[in-house]
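Architecture at a glance
Single-letter residue listing:
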Amino acid sequence: MDTSRLKKFAQYARRALIEQVSSKMKLVLAAEGPARRENPAAVSELEKRIAATSADKVVETAAYTWFNRFCALRFMDANGYNKISIVSPLQDQTQPEILAEAKAGHIDEEMVPDAVARKVLALLSGAAPSREPQAEAYRMMVTACCNFYHNTMPFLFEKIADYTELLMPDDLLSDNSILAAAREAMTAADCADVEIIGWLYQFYISEKKAEVFEGLKKNRKITPENIPAATQLFTPAWIVKYLVENSLGRLWMLNRPQSKLRGRMEYYIDDGGKNSAGGAGENNFIKIGSPEEIKICDPACGSGHMLVYAFDLLYDIYEEEGHDPSDIVEKILKNNLYGVEIDGRAGTLASFALAMKARGKYKRYFRNPIQPNICVLENIRFDKEELEDYMSEVGRDLFTAPLETTLRQFEESDNFGSLIRPALTNVGDILQTLRARGIEEKLFISKTHEKVLKVLKQADYLSPKYHVVVANPPYMGGKGMNDDIKKFLQQNYEDVKSDLFSAFVIRNTMLSLKKGLIGIMCPNVWMYISSYEKLRNYILEQKTLTNLVELPLTGFKGATVQICAYNL
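Read on for an overview of the structure. (Residues numbered from 1 in each chain as written. Predicted model: local features only at pLDDT ≥ 70, side-chain atom pairs only at ≥ 80, totals over all residues. Heavy atoms only, no water.)

Some points on the pairing of strand β2 (residues 337-341)
We apply this condition: Burial classes follow relative accessibility: with a 1.4 Å probe on protein chains only, a residue under 20% of its type's maximum area counts as buried, one over 50% as exposed, and anything between as partly exposed. Going along the chain from the N terminus, every DSSP run of H or I of four or more residues is numbered as a helix, and every run of E of two or more is numbered as a strand. Should DSSP find at least two bridges between two strands, the strands are regarded as paired. Clockwise travel from the first strand over the helix to the second, with the strands pointing away from the viewer, marks a crossover as right-handed.
The buried count for β2 comes to five of five residues, which makes it a mostly enclosed element. In β2, alternate side chains face the same way, and those of Leu337, Gly339 and Glu341 on one face and Tyr338 and Val340 on the other are all buried. Bridge count for β2 against strand β3 (residues 374-376) is three bridges, and the pairing is parallel. Looking at β3, one finds that Gly339 is bridged to Ile374. Running through helix α16 (residues 344-361), the crossover from β2 to the neighbouring parallel element β3 is right-handed.

Some thoughts on the pattern of salt bridges
The cut-off we apply is this: We define a salt bridge as a side-chain nitrogen of Lys or Arg found within 4 Å of a carboxyl oxygen belonging to Asp or Glu.
Inspection of every chain in the model, using the stated rule, returns 19 salt bridges. Among the ionic pairs, Arg118 bridges to Asp114, the shortest N-O distance being 2.1 Å. Of this pair, Arg118 and Asp114 both sit in helix α6 (residues 114-125), four residues apart, roughly one helical turn. Among the ionic pairs, Asp460 bridges to Lys465, the shortest N-O distance being 3.2 Å. Connected through shared salt-bridge partners, Asp2, Arg5 and Asp190 make up one network.

With respect to the sheet that holds β3
In plain terms, the rule: Axes here refer to lines fitted to C-alpha atoms; in helices the fit is confined to the stretch in contact. Angles between the N-to-C directions go from 0 to 180 degrees.
The mixed open sheet is built from seven strands, whose spatial order is β3-β2-β1-β4-β5-β7-β6. Every other strand in the sheet has two partners, leaving β3 and β6 (547-550) as the edge strands with one partner each. Sheet twist, expressed as the mean angle between neighbouring strand axes with direction ignored, is 15°. Inspection of the sheet shows strand β1 (residues 296-298) paired to strand β4 (residues 466-471) by two bridges, in the parallel sense. Counted as the bridge partner of Cys297 is Val469 from β4.

Notes on helix α15 (residues 325-336)
Here is the rule: A helix is expected to reach a length of 1.5 Å times the quantity of its residues less one. It is the directions from the helix axis to the C-beta atoms whose arc is reported. Contacts were defined at the residue level, with two residues in contact if any of their heavy atoms lie within 4.5 Å.
Helix length check: α15, at 12 residues, gives a terminal C-alpha distance of 16 Å against a target of 16 Å (1.5 Å per residue), a fit within 8%. Taken together, the buried positions of α15 are occupied by Ile328, Val329, Ile332, Leu333 and Asn336. Here the buried residues of α15 occupy an arc of 120° about the axis, which is enough to place them on one side. Looking at the buried residues of α15, the elements they touch are β1, α14 (305-320), β2 and α16.

Let's talk about the environment of Asn524
The test is simple: Identification of polar contacts relies on pairs of N or O atoms within 3.5 Å, with a donor-acceptor requirement for protein atoms, meaning one able to donate a hydrogen and the other able to accept it, and with residues adjacent in sequence counted only if both atoms are side-chain atoms.
Following the sequence through the fold, Asn524 ends up in the loop between β5 (512-523) and α24 (533-542). A residue is classified by how much of its surface remains accessible, and Asn524, at 5% relative accessible area, is buried. Residues Asn524 and Ala78 lie 446 residues apart in sequence; the distance between their C-alpha atoms is 39 Å. Look past the residues within four positions of Asn524 in its chain and what remains in contact with it is Glu550, Gln562, Ile563 and Cys564. Among the polar contacts made by the side chain of Asn524, one reaches the side chain of Glu550 at a distance of 2.8 Å.

Structure, rendered in structure tokens:
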């Protein structure tokens, strides 16, 4: 995969889309512009969104929305997942196949609603006036296709808001368009590996990352909205395989010593179970009766690279156990894989990557899609009166101290992420009680109830229930931390407060079941520097280090710190 080409494209695309969306916004908001006459509701919605945030944020969001969709559609085109190519031409053609077909009078009635199809045909035949009939018709079909995929992949193809559609770039068909650049950069060969999605996202935010680090030189702390850009780093494939094979793969080999999976794991280190949990030998491990039991979590999942490889390994495990291939995809997505992330854009791509793995293994996946278990943590706040009213309706007996504490713990999810340790340990019991009391039917507290359910969902993802936890956690030293993070680490991770990664090492072990298996990639400073002595003692005295790889300075492309990867 030519990552230099992808980097050049992603950085160009971000600048170009921001410029094009910004120009489009000015036209849309023009006092006497056609948008106000033809789409007054959409323009009003756009103005409200700008007032609630800022024009720059709306532009940035819309630009990334279209980048995401264009790349996803190109990836699906290249792999033959779209019934008709949406952004790619057929061989020896210059226009996207969907437009070429429409010009010949053929429009897919499943993807493009009848009303839209009629407008498209009218534009292309000249029956409907337009300065750029082909461009207008094509934009309408792209929007229709994005909305079509809403039912399959709502995490990526949300129903396009009217104002977002208005901000779609005008030029999608010329040789200089963003789609032409996407087709050139995202070759069919590169699109054979869903890893391309993660690389594109890292490169898309790379210039933003540079801005954040430039700010650090001027003593500007990293704000919650900039944490993803500052801390996300795409994990190389061989490290992902090493970590997953020596955690998930190890768990399976301990349970099935005769498994042929060993021959498929290039980086697996076989010690005959001598370094099993607790160091007590090959019988001291979690017993697994069937693959469905295994739960794997990446608590800082980014674009999902760890989970994608875990999907592959799990597929091999299910096949070896004799499961029907038509059932394996559903079982993996429903039972096995869990990701947590603070960055909605990265979480979206993690879900998309897993959906693409599922579609690659099971051709009918789009007909009956299973949504990946990716939780993007949201900030959720309750005011005092709101909770008082809710408690009165629900019953104060339900509101134990752990529940009340948990409802307050996600006010700064974008700052603390998976480091939050929910006080509540019986989420399932609380949900069952709420259902039994018919809370959904009480309209007076419906909005509060929706927020409560979101908190409980997030708390459940962060409960200690996983057999395997793998992560390349965020790295951030004290110099970059904002005051809220510093205070949070002081109160909750005092012994390892010097960096986010060291707090995550502790947190990862807390997310796992007893005898669970952990895979971590992080800076190697914890092995040497005095400020990490307590972390070293924790790992060596309370956990079992099964293997470790320390990379040379040249061993990790893109890193500015020396890295190690290890399993516990």
